[in-house]
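Analysis of the macromolecular model
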Amino acid sequence: MGVKDIPSKARSFAKEHYYIFILLLLALFFFHGILSASKILNNVHYINDVTFYSYNMKKSLSENSLPLWTPYYYSGRPLFAQPEYYFIDLNFLLILLTGNIYLAMNFSAIFYLFLAGLGMYILVYYFIEDKKASFIAALVYMFNGFMHTFVVPGNIMVIEGYSLLPFIVFFTVKALKTKEFILYSIIAGIFAALLVHVGGVIYLQYVFILILTYSIIYLADKNIVNRLIKLSVVGIIILAVFFGLSAIKLLPGIDFMKMSNRGAGISYQEYLGEPVKLSNFLFAFISNSLFNGSGLSAAVGIIGIILLLLGLRNYKNRAVIFSIVIVLLSLLLSTESFLSKLFFNLPLFSQSRHIERALVLFALSASILAAFGFLNLNILLEKYQKINKKWLFWGIASIIFLELFLLQNAPQSVDVIEPDKIPILEYMSKDDSYFRTINLALSTPIGASGY
């Protein structure tokens, strides 16, 4: 390709991937308040946890080591072994390249929001080969209630694992449906391992549910023996790659968990957390902006629910069957149902808090069903020739954008405050002795008070 061909190739690429560029612009717009190295999200986990770990990462990298231990938290404790902290991700790479932890934190958050949309776009396009429907699914997955009630106001690092879920499903499905199953099984295993490295261990049990559910649906065929053999090979490869690449982070995390209170398991109440109540149903599953409620939500909006219901018309399609089952599992697990009680006795679940986080399954599967619903809506309206399909698409996308984006509380940013500007740290730094005790009152002996 000559230099003269670059502009035409660029225009062709932009035209071909038009919707992907819009997803990137939406991610930038959503987090526009942190498009800076001097601003961070006004979020206690972001200010404390992400900043804290990023500083430890920067310090360790400057000493040519890994952040195995931190002397800055509760007089010292293991750091690398904590499952919720990232290791190999964009944050790590940007800290390594720039040395600026705030730039790394901010642009990582923006990138992973975009990656969530891109993953859903790719997954749905593989199922139905329609760019507009894929864009609708990506829009719902990027900005549903789970993003607004758990990811953004909570521990923002969970956005990294959230963004990888569609990719894990995509490469697993592709491994089972194509002849290049070895390659796609390896890639699926790599993405599953990345889930551990980016601090997304809280999603592992849900990845297991997603893969197991699709595997059972995949086996429902007259050629069950051959499918079972292929499924076994694919499963072994994914597990081998996953464990081989994640062991350096996973095994220390397991050892650390054994030494903590989780080693003996958690109570049933801790496991339940705040399950979705009937009074919160509309808030949790339909609209967290139009209906009042509390706790977690994975609401996909009024239009999202309508499209979801229309998507049920394709109930014979394997992808739709898969999504329907996942929706039902999410409903049963996130509420205090017989299934949530049963899963309390299973590995991974028995040591995980807040089963209502199973709403993430609804966020993923509802996005897929919304895409099928959009296709069905187009079919239903074909007899009305006065309706322009192009304007129908942009109208639906705009309403979804209005409810899931504009009517939500936008992420707020605050100025970065350097440690030497904090009075208590300045006071403590005046004592340079090796052993020191400073008797100051804390609001609580747990949580961020330890920093």
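This text follows the structure it describes.
Described in the following lines is the structure provided in the data block. Since we're looking at a predicted model, the values are computed, not measured. (Residues numbered from 1 in each chain as written. Predicted model: local features only at pLDDT ≥ 70, side-chain atom pairs only at ≥ 80, totals over all residues. Heavy atoms only, no water.)

With respect to the element layout, Lys174 can be found in helix α8 (residues 158-177). For the buried residue Lys174, which engages in no salt bridge, the nearest side chain bearing the opposite charge is Glu180, 7.2 Å off. Those residues within four positions of Lys174 in sequence are excluded, and the remaining contacts are Tyr126 and Tyr184. (Helix = DSSP H or I, 4+ residues; strand = E, 2+ residues; numbered from the N terminus. Buried < 20%, exposed > 50% of the residue type's maximum accessible area, 1.4 Å probe, protein only. Lys, Arg positive; Asp, Glu negative; His and termini not counted. Salt bridge = Lys/Arg side-chain N within 4 Å of Asp/Glu carboxyl O. Contact = heavy atoms within 4.5 Å.)

The subject of this paragraph is helix α11 (residues 224-259). Residue pairs spaced three or four apart in an α-helix point in one direction, given the helix's 3.6 residues per turn. Compared with an ideal rise of 1.5 Å per residue, which puts 36 residues at 52 Å, α11 spans 44 Å between its outermost C-alpha atoms and falls more than 12% short. At Ala247, α11 shows its maximal bend, which comes to roughly 75 degrees. (Expected span 1.5 Å × (residues − 1). Bend = angle between axes of the 7 residues up to and from the residue.)

Once that is clear, we can look at the pattern of salt bridges. Inspection of the entire model under this criterion finds 5 salt bridges. Its salt-bridge partner being Lys59, residue Glu63 comes within 3.9 Å of it at the nearest N-O pair. Accessibility expressed as a relative area gives 48% for Glu63, which makes it partly exposed. Using a relative accessible area of 34% as the deciding quantity, one classes Lys59 as partly exposed. The shortest N-O distance in the salt bridge between Arg318 and Asp221 comes to 3.5 Å. Of this pair, Arg318 sits in helix α15 (residues 318-334) while Asp221 sits in the loop between α10 (204-219) and α11, and the two are 97 residues apart along the sequence. For Asp221, a relative accessible area of 29% corresponds to the partly exposed category. Each of Asp221, Arg227 and Arg318 takes part in salt bridges that share partners, so that together they form one network.

Let us now look at the nonpolar core. By size, the foremost hydrophobic cluster in this structure holds 147 residues, and its most contacted members are Phe31, Phe146, Tyr203 and Leu307. With 18 residues, helix α5 (residues 101-128) is the largest single contributor of residues to this core. In this structure Tyr203 touches Phe146, Phe150, Val158, Gly161, Tyr162, Leu165, Leu195 and Val360, once residues within four positions along its chain are discounted. (Core = buried A, V, L, I, M, F, W, Y, C linked by side-chain atoms within 4.5 Å.)

Look at helix α14 (residues 301-311) against helix α17 (residues 359-380): their axes get within 6 Å of each other, and the N-to-C directions meet at 75 degrees. Between α14 and α17, the crossing angle belongs to the class labelled roughly perpendicular. Side by side, α14 and α17 meet where Gly304, Ile305, Leu307, Leu308, Leu310 and Gly311 of the first sit next to Phe362, Ala366, Leu369, Ala370, Phe372, Gly373, Phe374, Asn376, Leu377 and Leu380 of the second. (Axes fitted to C-alpha atoms, helices over the stretch in contact; angles between N-to-C directions. Parallel < 35°, antiparallel > 145°, perpendicular 65-115°, else oblique.)

Below, the discussion takes up the packing of aromatic side chains. Using the criterion set out here, one finds 36 aromatic pairs in the structure. Ring centres of Tyr126 and Phe170 lie 5.4 Å apart, and the angle between their planes is 85 degrees; on these two criteria the pair is classed as edge-to-face. Remark: Phe170 occurs in helix α8 and Tyr126 occurs in helix α5; sequence separation between them is 44 residues. On the basis of relative accessibility, which here comes to 24%, the residue Tyr126 falls in the partly exposed class. Here Phe170 falls in the buried class, since its relative accessible area comes to 8%. Centroid distance Tyr206 to Phe349: 6.2 Å. Interplanar angle 80 degrees. Geometry classified as edge-to-face. Taken together, the residues span a long stretch of sequence, with Tyr206 in helix α10 and Phe349 in the loop between α16 (338-343) and α17 at a distance of 143 residues. Residue classification places Tyr206 among the buried positions, given a relative accessible area of 3%. Taking the relative accessible area as the measure of exposure, Phe349 reaches 3% and is therefore buried. An aromatic cluster is defined as three or more aromatic residues linked by ring pairs; in this entry it consists of Tyr126, Phe127, Phe167, Phe170, Phe171, Tyr184 and Phe191. Over the aromatic face of Tyr218 sits the side chain of Arg227, whose NZ or CZ is 4.5 Å from the ring centroid. (Phe/Tyr/Trp six-rings, centres within 6.5 Å; stacked < 30°, edge-to-face > 60°. Lys NZ or Arg CZ within 6 Å of the ring centre and 35° of its normal.)

This part is about the environment of Ala240. Counting through the fold element by element, Ala240 comes out in helix α11. A residue is classified by how much of its surface remains accessible, and Ala240, at 48% relative accessible area, is partly exposed. Note: C-alpha distance between Ala240 and Ile186 (54 residues apart in sequence) is 8.8 Å.

On the surface, Phe29, Leu290, Ile302, Ile306, Leu402, Leu406 and Leu407 cluster together into a nonpolar patch covering about 620 Å² of accessible area. Mapped by element, the contributors of at least two residues to the nonpolar patch are α14 and α18 (389-406). Secondary-structure assignment places Ile302 in helix α14. When its relative accessible area of 32% is taken as the criterion, Ile302 is described as partly exposed. (Patch = residues over 30% accessible without salt bridge, like charges linked within 9 Å, V, L, I, M, F, W, Y side chains within 5 Å. Areas by Shrake-Rupley, 256 points an atom, 1.4 Å probe, with all protein chains shown as cover.)

What follows is about the environment of Val207. By the element assignment, Val207 lies in helix α10. Since its relative accessible area comes to 8%, Val207 is described here as buried.

The next point concerns unusual backbone geometry. When glycine is set aside, most residues are seen to have a negative phi, and most peptide bonds are trans. Despite not being glycine, Asn64 shows a phi value in the positive range, around 55 degrees. Inspection of the secondary structure puts Asn64 in the loop between α3 (44-62) and β2 (69-70). With phi around 55 degrees, Glu129 is a residue other than glycine that occupies positive phi space. Within the fold, Glu129 resides in the loop between α5 and α6 (131-143).

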